[in-house]
Amino acid sequence: MPYVNLRNGQICKAMNFLWQCTLVVVLIFVASTNAFAQGPSPSYFHDLGSQIPWAECAAYQPGGSSQKIPFIPAIVTAPVRAPAGTQGYSRDVQFDSHLVFIGEGVAETESDTDSVPDLGGSVALMALQPTSSATFEERVMMLARKGAVAVAVFPKDKRVFYPVLKPELMKEFEDLVPVIGLSHDTARRLFEAHSPLGEQDLQRWMEGGEAPRLGRMVPRLRCYFEGRFRRLESSNIVLLSRQSAIDEVEAAELLRLNERSVASILDTFDGTGVTWTKTPAVYFKGYDAKVFYTPHWGAGFADATGSYLLNSERPDFGLVVHEHTHSLFDRSWGETVSFLAEGLAMYAQAQATDPMMCHQKTRELREAGVSVPLEKLLGHEIGTPGQATDFGYPAAGSFIEFLLHQGGLSKFEKLYREARPSPDVDLGDLLLAIYGATPSELEAAWISWLADIEASETESKRR
Ligand SMILES: [Zn+2]
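Residues numbered from 1 in each chain as written. Predicted model: local features only at pLDDT ≥ 70, side-chain atom pairs only at ≥ 80, totals over all residues.

Before going further, it helps to spend a moment on the environment of L257. Its place among the elements puts L257 in helix 7 (residues 248-268). With 17 C-beta atoms counted inside 10 Å, the residue L257 sits in the partly exposed group. Taking the C-alpha atoms as reference points, L257 and F317, 60 residues apart in sequence, are found 6.9 Å from one another. Among residues more than four places away in sequence, those in contact with L257 are P315, F317 and V320. (Helix = DSSP H or I, 4+ residues; strand = E, 2+ residues; numbered from the N terminus. Buried ≥ 20, exposed ≤ 12 C-beta atoms within 10 Å, placed from the backbone. Contact = placed C-beta atoms within 7 Å.)

This next bit is on the sheet that holds strand 16 (residues 279-284). Strand pairing in a sheet takes place through backbone hydrogen bonds and is either antiparallel or parallel in direction. Pairing within the open sheet is mixed, and its five strands lie in the order 14-15-16-18-17. Single-partner strands in this sheet number two, and they are strand 14 (230-233) and strand 17 (300-303). Strand-to-strand twist across the sheet, computed as the mean angle between neighbouring axes with direction ignored, equals 15°. Inspection of the sheet shows strand 14 paired to strand 15 (residues 237-241) by four bridges, in the antiparallel sense. Bridge pairing links L232 to L239 in strand 15. Against the sheet, helix 7 engages strand 14, strand 15 and strand 16, with an angle of about 145° to strand 15. Here helix 9 (residues 317-332) sits on the sheet in contact with strand 16, strand 17 and strand 18 (306-310), set at roughly 20° to strand 17. (Pairing = 2+ DSSP bridges. Axes fitted to C-alpha atoms, helices over the stretch in contact; angles between N-to-C directions.)

Turning next to the packing of helix 11 (residues 357-367) against helix 15 (residues 439-462). It is at 11 Å that the axes of helix 11 and helix 15 come closest, and there the two elements cross at 115°. With respect to each other, helix 11 and helix 15 are oriented roughly perpendicular. Crossing of helix 11 against helix 15: the hand is left-handed. Taking contact as the criterion, the partners of H359, T362 and R363 in helix 11 are, on helix 15, L450, I453 and E454. Taken together, the residues that form the contact of helix 11 with helix 15 break down as two nonpolar, two polar and two charged. (Parallel < 35°, antiparallel > 145°, perpendicular 65-115°, else oblique. Left-handed = near helix turned anticlockwise from the far one by under 90°. Nonpolar A, V, L, I, M, F, W, Y, C, P; charged D, E, K, R; others polar.)

Pairing between strand 2 (residues 55-60) and strand 13 (residues 215-225): six bridges, direction antiparallel. Paired with A58 across the bridge in strand 13 is R222. The pairing of strand 7 (residues 93-101) with strand 13 spans eight bridges and is antiparallel. Looking at the pairing, V100 lines up with R216 of strand 13.

The next thing to look at is the pairing of strand 15. Most of strand 15 is tucked away, with four of its five residues classed as buried. Hairpin connection of strand 14 to strand 15: three residues between the antiparallel strands. Bridge count between strand 15 and strand 16: five bridges; the pairing is parallel. When the sheet's bridge partners are listed, L240 is paired in strand 16 with V282. For the crossover from strand 15 across helix 7 to strand 16, the handedness is left-handed. (Right-handed = clockwise from strand over helix to strand, strands pointing away.)

Right, here's the structure in full:
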């Protein structure tokens, strides 16, 4: 993320890190946090009053009565980060089937699967939290193989959550069926509709008692959401956008902007040996749609699978460069700590727009008293709202340029590759080992280098 709108809580790799660290991310939203100020909270999508024009789901009964069923799609993180069942934004999701309650799903052993009712053509309703060791990915795959056309998952407790399916955790994982996340309250409403005892059964289960009886429920579930996005391709980019949100002319313009950004990045990193492979750039109109489909709250997010961007009125070239830089180096050099990933992306963004951007912003913030010691920034998850992020983005960009200037690219590549996001890795120790100086020594040298380049910049402007 560029630093420009940080106060509004644009978050880039920090959220990426969160998603990568947790199989199923459970987020509890506290009113006082401003972390996700730009997009709606998950509760918004679970609210009965919210109208989502690109998605709808209802449970209905033979007599003709029905209930609105709000949901959030589960995201499959690779090969493209997209809602489960859309196969990388290539198909709409649509199903209309019997609802079968299957408790916690199935364990990894065959004998356990025998206890699950026949799912041929049904939607499996499953609790999020398993008591067995089967992962979420394993449970979803098992249900798909047993004939479920979709999986609806809900938390047994009262938290709001996003289901995330990570193919890297299960090698044979295939994006076969849609998976939707329901809130606990929505699941409760389905149980209410099931029988006079449904709701009490659920309550008893939550309190540690026996699970409600497995089997077909009274209501059927009919759901739809747009998942087939328009696909425009150029030599380096596959641009995906929802047809009803972004028209073709606009999409074509975005494609050209993205091509230019790749050219700029390859120019900046000419000679590094990194190569670009054709990559998806997925565009969303509005934070509400972006959160629904990705779920990410900032204007930009990127990882090795591609870039996921907000379509703003005036496309931000710097932002596109920034995100594609993340994507390129995630693929080429692997994952690294936030400080280096953001620093490199900020550096590329500055090279593409205003080479003094990071240096000037760093100086302005230091003069305004918004400054954080380098030692502290090294371990900071840049993007987490606060002073260390406000200062961290431009400072990391400026510091990375300093490192490149000091030690060249090969030293930097070594640092980047060795600084894996792990509790065992200390960026300060790596800097000492690779650059032969402690973080505070490097900080002093950087500040003095900054003063020199600002002075020469001022000098060249005078001429
Ligand atoms: Zn970033």
